[in-house]
Each structure stands twice: as structure tokens, then as C-alpha cells.
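Listed here are the chains, written in short residue letters.
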Amino acid sequence: MANSSYRTVYAFAREMHPKTVKEDILYGTAGFRAKASTLGYVMYRMGLLAVLRARYKRAAIGVMITASHNPEPDNGVKLVDPMGEMLEQSWEKWATKFANVGDDQLEETINEIIKEYDIPMTDRVEIVVGKDTRPSSPSLSKSVMDGVLALSGKPVDYGIVTTPQLHYFVACKNTKRVYGEPTEEGYYAKLTGAFKKLRGETYTNGKYRNRLLYDGANGVGAKKIKYFQELLGNRLKIEMFNDAIIGSGKLNHLCGADHVKSQQKFPTGVPVESGVRCCSVDGDADRLIYYYMEENNFHLMDGDRMATLIASYLKEVLEKTGIELDLGLVQTAYANGASTDYIAKKLRVPVACVSTGVKHLHHKALDYDIGVYFEANGHGTVVFSKNAKDKLKETANDSSVAGERRTAAETLLNLIDLINETVGDAISDMLLIETILHAKGWDIQEWERAYTDLPNRLMKVTVEDRTVITTTDAERRCVTPESLQPEIDALVAKYKRGRSFVRASGTEDIVRVYAEASTREEADQLAVEVAKKVHELAGGTGNPPEI
Ligand code: 16G
Ligand code: MG
């Protein structure tokens, strides 16, 4: 079917979704993100690409419209692959190309991709479309669907959903519902069903109290938590804050997971109650952060803390099953050094480090039977191999196996149902953390006692061209400019427990600097010294960095 004519595609583009922006944009780690008003044509083209991808994979493909934790006037789009994963990396260049060609080159570009992948152009494929609560999302979603229709695909509109819900729907559709029912009700039923089985009828346990303050970031996470409040009732008393109406302009404003993590501050709108467990999700509910206040001190429980809690619990239950499975944990260079030490030395769980970006973590986690992955910023989940699932089912169903081992296997099977394996899911992760704290009889203070974070500091440096910074070893070492790494090594050597690395941001036009050391002052000092070196050796612009 190569070299066919796709005139409608051009006609639609010209009449309804003309390319209005000259500058090229790049499909980055989280898809495309920009001011919503500039994205109409990009959405239309992602609708086209989704149909091509779906025909190539002979499966449903997802399109999610969201700019996550960005301010309300922004928006964005990402494609979701058949098993609910992020778009395969080798297709990112096609997404970039589709977004940037002229309207009159669209037909040609479609023919090019059809030829390269030998795509059959007859299947009536489903494209699963979801959007967050931004006021711009409905019209952008319509643009995506126009693109889908222009190539005779079938758009399936799920309306306003969280990013992880959309990933779940795609996985359900492509596994013939083995993963669950591809409906919102199916999603709530799967998660709350597992939660109820795991927690039983005891609502509190030891120091654990079933009350949680929840910051919905004035976004979709606030809308969807209501179903959980209803279905869980007193089992988990979720008190929700930051649920402003759509279009209030308050989305992510001074609240939400990104704000809390990056500002290390309590969000606005949540009452401060000493010692009470709180959590925040981000604008599309794929990131989660826990925290509490005590004696006017703010305590943050980030992705590293969640990863260690989850890995330690899974290890504990796994040991009780008597089944041999390999459990591993995946982090990035941003993980606090104290968490890495704790995982490797105390928990004795193998830990791997990969480059920033969810797709890298997810991919690496698949190497293990049970792979736990989290970015420090609160995005993460657990993936289980087929081997793990098969063995657990076998043990749970084998009446000749001792009762305790079977119960442990059943617990793990229920945990699998509670977890959204397709992608980090703030609500599912929250239910998992609550389940583990409940099982251990811990309050949030007890959880924090596992290890003490090393003081750390993040800085940004503006340079002429950030691509001059290249790295290796999961971004932990700088390759170019050549003179930079030896300088960093020399600076780090001056500090007790010092560690520092630099990398070009994937989402902003800056270079990021991370430093940690044994005291607050030393971490700050090291960060600023390294930032100054970056400024000096990598073509810094503006004033040299200061604390
Ligand atoms: C994107 C990534 C996130 C990463 C962040 C790093 C996804 C879905 N999101 O938001 O994982 O932590 O970029 O940003 O992959 P940076 O490159 O600007 O530091
Ligand atoms: Mg997000």
C-alpha cells in the first residue's frame, strides 16, 4: 500500500489544523510539552502517528493529553504503547518528524513510514484517548481524534482520566482483559478489591492510623480520588484538599507533588497538623510524594523512601513464600546516597542505576522477576515477570504447600493486583504504601527512621549550548567538556561523603548540578563549586552561580 494517496490528511491539516509554529519541537522524555495554544497541529499529527503505530503493532495505542506538573496554560501529549509502556524509543524520532514537517509534506511522511515498516493500512485500529483537567484539553483531544479519523482509525474517548489510568486501559485492551476491565469501573474495582483483601477488617494496626491528608493538586487526581473515598469508606479515611473547579488556574499552583518535592515545602490548602501523614499527587496523578510536619520541621518522604519501603516489604513477604525469585531495585543518580547504601547493605537487595527518565527505569526493572523502580521525584512502580506470577500462582494453589507459604504467595498476588505495573501511578502507589505501613504497624515517623538522608542540593546553570555536556555511566560521569570531570572529582574529594554529577536537562534549556555531602553547608558548598566549574568550562551565560 506504499505511495498511496492520503489527500484527506492534507486537506484536514490545511483547513482545520494548520501548522502555526515554525520552530521545531522535540519528542522528549515525556512527549511534547508547550503552551497549549501552539499545540493544535501537533495533536492532529499525533493522532495520525498513533494510527500508524497501532496498525504496525496490530494493537490499540494510547494518546494522553497532559502537561503533568506544568502550569495550567501549558499542555502536552504522549503516546502509549500496547502493553501500557511509553512509546518505544526508536519511534520518538518519527513523532518529532511528524510534528515538524510542513502541512504539504504530511502525505509524503506517512508514505515514508508505511514503506519503512511495511505497515498494513487496512486494519480499523482503536486509539485510546485520554486527557487531564486543563481547559485546553477538550479542544486538543478533538484535534487528536481528527487525526485518527483522517487515517480511518477508531478513536475511543475516555474523557478526563489520570495518565496511569490511560496506560491501564491500553494494557487491558491488548491483553484481552487479562490485565483487567478496560473501564474506569474496572480500574477502581481491581485496585480497591486488592486493597480490601490485603488490609482485612482491621483498620488500624500498631502505630498505623487509617487517616491520610491528600493534596489533589487541583487536577485529575482530586477528581478520581473521590471514587476511592466512596469505595473504601472508613478503611482508609482520605481527606482530600485542593480540588478547585476546572479552569480556576490553580492546577499545580503552590501544591502538588512537584511543588512539594522541589520546594521542600508544605503545599497550600492542606491544613498543617503535627505528625499527620500527608501526600501529594501531580497534575496527571503519575507522581506521589509523602510528607509531614513536626515541631515546625518539614519532613519529606520522596521516591527513594517509597522504593526502599516497598522493596523491603516485598522481600519480607517473598522470603515467607519460600520461592526463589530475583528482586531488584532501580534508581537514578538523583537517588540519595543514603538510600542506595541502605538498599545495598541493609536490605541486601541488588540496586541498579540508570539514566533519568521513566522509560529507562522501567526497561531496567524488567530484568528482574520483581523489579522495583522509583525516581527521587516520586515516579515509580513495581513490575513482575511472568515467571514470578506463574510461580506465585502455583504455590498459592498447591494444597500440599504449608499454609504460611501459601498465604504469603496470596499476599504477593494481591499486591500485584494493587500495583499498576504499566507505569508509576500515584493513587495505586499511595494504596500500596498505606497497605505496607498498615501491615508493618508503622506511622510515618517509623518509616522515616530506616535511614537518614544525606543533605543534598540541586542547582541550575545556564550555558550557551547545553548539548556540550555529555555523560556516561548512567549520567554519573561527564565525558565532555573533557576537562570538567577531573575538576568535579577533585572538588568531591574534599568533602566527607561527597558526591556530585552534572547533566543537561531533557526538559529545560539548562544544565543541572546535583551535590550531596555529610552536612548541609558542605552539600551547598560542593554544589556551588561544581556549578561554577560548569559555568567556566561549558560556556556559561549570565553571572556565575552563587548559593
Ligand atoms: C521528565 C520525565 C521524568 C524525569 C524528568 C527529568 C517521564 C514520564 N518524565 O519529566 O521521569 O525525571 O523529565 O527532567 O519520563 P530533566 O531532564 O529536566 O531533569
Ligand atoms: Mg506527571
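In short, a report on the structure. (Residues numbered from 1 in each chain as written. Chains lettered and ligands numbered in written order. Predicted model: local features only at pLDDT ≥ 70, side-chain atom pairs only at ≥ 80, totals over all residues. Heavy atoms only, no water.)

**Quick notes on the packing of helix H10 (residues 303-321) against helix H11 (residues 337-347)**
(1) Moving on: With their axes 10 Å apart at the nearest point, H10 and H11 run at an angle of 10° to one another. Considering the angle they form, H10 stands roughly parallel to H11. For the pair H10 and H11, contact is made by Asp304, Thr308, Ser312 and Lys315 and by Ser339, Tyr342, Ile343 and Leu347, respectively.
(2) Moving on: Along the lines of polarity and charge, the residues of the contact of H10 with H11 split into 3 nonpolar, 3 polar and 2 charged. (Axes fitted to C-alpha atoms, helices over the stretch in contact; angles between N-to-C directions. Helix = DSSP H or I, 4+ residues; strand = E, 2+ residues; numbered from the N terminus. Parallel < 35°, antiparallel > 145°, perpendicular 65-115°, else oblique. Contact = heavy atoms within 4.5 Å. Nonpolar A, V, L, I, M, F, W, Y, C, P; charged D, E, K, R; others polar.)

**Side note on the pairing of strand S10 (residues 297-301)**
(1) Moving on: Of the strand pairs in this sheet, strand S9 (residues 288-294) and S10 are connected by 5 bridges, and their pairing is antiparallel. The partner of Met293 across the bridge, within S10, is Phe298.
(2) Moving on: Between the end of S9 and the start of S10, which pair antiparallel, lie 2 residues, with Glu295 showing a positive phi angle near 45°. (Pairing = 2+ DSSP bridges.)

**Side note on the packing of aromatic side chains**
(1) Moving on: Applying the stated criterion across every chain, the model contains 22 aromatic pairs.
(2) Moving on: Ring plane angle 85° and centroid distance 5.9 Å describe the contact between Tyr334 and Tyr514, whose orientation is recorded as edge-to-face. With Tyr334 in the loop between strand S11 (327-332) and H11 and Tyr514 in strand S19 (residues 511-516), this pair connects stretches of sequence that are 180 residues apart. Of the two residues, Tyr334 and Tyr514, neither departs from the other in class, the shared state being buried.
(3) Moving on: If you follow Arg53 out to its NZ or CZ, it ends over the ring of Trp91, 4.7 Å from the centre.
(4) Moving on: Above the plane of the ring of Trp442 lies Lys440, whose end atom (NZ or CZ) is 4.7 Å from the centre. (Phe/Tyr/Trp six-rings, centres within 6.5 Å; stacked < 30°, edge-to-face > 60°. Buried < 20%, exposed > 50% of the residue type's maximum accessible area, 1.4 Å probe, protein only. Lys NZ or Arg CZ within 6 Å of the ring centre and 35° of its normal.)

**A look at the site of ligand 1**
(1) Moving on: Taken together, 13 residues surround ligand 1, and among them Glu375, Ser505, Gly506, Thr507 and Arg512 come closest.
(2) Moving on: Within the side chain of Glu375, one N or O atom sits 2.5 Å away from an oxygen atom of ligand 1.
(3) Moving on: In this structure, an oxygen atom belonging to ligand 1 sits 2.6 Å away from a main-chain N or O atom of Gly506.
(4) Moving on: When the free accessible area of ligand 1 is taken as 450 Å², the share hidden by the protein chains comes to 88%.
(5) Moving on: Among the residues forming the shell around ligand 1, the class breakdown is 3 nonpolar, 7 polar and 3 charged. (Near = heavy atom within 4 Å. Polar contact = N/O pair within 3.5 Å; in protein donor to acceptor, adjacent residues only side chain to side chain. Areas by Shrake-Rupley, 256 points an atom, 1.4 Å probe, with all protein chains shown as cover.)

**Brief notes about the side chain of Asp81**
(1) Moving on: Tracing the backbone through its elements, the reader meets Asp81 in the loop between strand S3 (74-80) and helix H3 (92-100).
(2) Moving on: Assessed through its relative accessible area of 3%, Asp81 is described here as buried.
(3) Moving on: Setting aside residues no more than four positions away along its own chain, Asp81 makes contact with Arg53, Ile61, Met86, Leu87, Glu88 and Val170.

**What about the sheet that holds strand S18 (residues 499-504)?**
(1) Moving on: On the basis of which strands lie adjacent, the open sheet formed by 3 strands has the order S15-S19-S18 and antiparallel pairing. Every other strand in the sheet has two partners, leaving strand S15 (456-461) and S18 as the edge strands with one partner each. Between one strand axis and the next, the sheet turns through 15° on average, direction left out of account.
(2) Moving on: Note: S15 against S19, 6 bridges, orientation antiparallel. Looking at S19, one finds that Leu458 is bridged to Tyr514.

**Some details on the pattern of salt bridges**
(1) Moving on: For the coordinates displayed, the defined rule picks out 46 salt bridges.
(2) Moving on: The partner of Arg476 in a salt bridge is Asp473, and the shortest N-O contact between them spans 3.0 Å.
(3) Moving on: Residue Asp473 is classed as partly exposed on the basis of its relative accessible area of 39%.
(4) Moving on: Within this structure, Arg53, Asp81 and Glu88 form a network of salt bridges that share partners. (Salt bridge = Lys/Arg side-chain N within 4 Å of Asp/Glu carboxyl O.)

**Some thoughts on the side chain of Thr332**
(1) Moving on: Following the sequence through the fold, Thr332 ends up in strand S11.
(2) Moving on: In contact with Thr332, not counting residues within four places along its chain, are Cys353, Val354, Ser355, Thr356, Leu361 and Glu375.

**Some thoughts on the sheet that holds strand S12 (residues 351-354)**
What holds strands together in a sheet is hydrogen bonding between their backbones, with the strands either parallel or antiparallel.
(1) Moving on: Sheet architecture is open: 4 strands sit in the order S12-S11-S13-S14, paired in mixed fashion. A strand with exactly one partner marks an edge of an open sheet, and here the two such strands are S12 and strand S14 (380-384). Mean inter-strand twist for the sheet, computed between neighbouring axes without regard to direction, equals 20°.
(2) Moving on: Inspection of the sheet shows S11 paired to strand S13 (residues 370-374) by 4 bridges, in the parallel sense.

**Considerations on helix H17 (residues 484-493)**
(1) Moving on: Considered for burial, the residues of H17 that qualify are Leu484, Gln485, Ile488, Leu491 and Val492. In a view along the axis of H17, the buried residues occupy a sector of 120°, so they form one face of it.
(2) Moving on: Looking at the buried residues of H17, the elements they touch are strand S17 (477-480), S18 and helix H18 (520-537). (Arc of directions from axis to C-beta.)

**Here's the deal with the coordination of the magnesium ion (ligand 2)**
(1) Moving on: Those donors, Ser68 (OG), Asp282 (OD), Asp284 (OD) and Asp286 (OD), are the protein atoms that reach the magnesium ion (ligand 2), and they lie 2.0 to 2.2 Å from it.
(2) Moving on: Going along the chain, you hit the donors of the magnesium ion (ligand 2) in the pattern S-x213-D-x1-D-x1-D.
(3) Moving on: For Asp282, a relative accessible area of 0% gives the class buried.
(4) Moving on: Taking the relative accessible area as the measure of exposure, Asp286 reaches 6% and is therefore buried. (Donors = N, O, S within 2.8 Å, 3.2 Å for Na, K, Ca; no water.)

**Re the nonpolar core**
(1) Moving on: Phe228, Tyr290 and Met430 are the most contacted members of the largest nonpolar core, which has 83 residues in total.
(2) Moving on: For this core, the leading source of residues is H10, giving 9 residues.
(3) Moving on: Tyr44, Leu48, Leu52 and Ile114 belong to the second-largest nonpolar core, a separate cluster that totals 47 residues. (Core = buried A, V, L, I, M, F, W, Y, C linked by side-chain atoms within 4.5 Å.)

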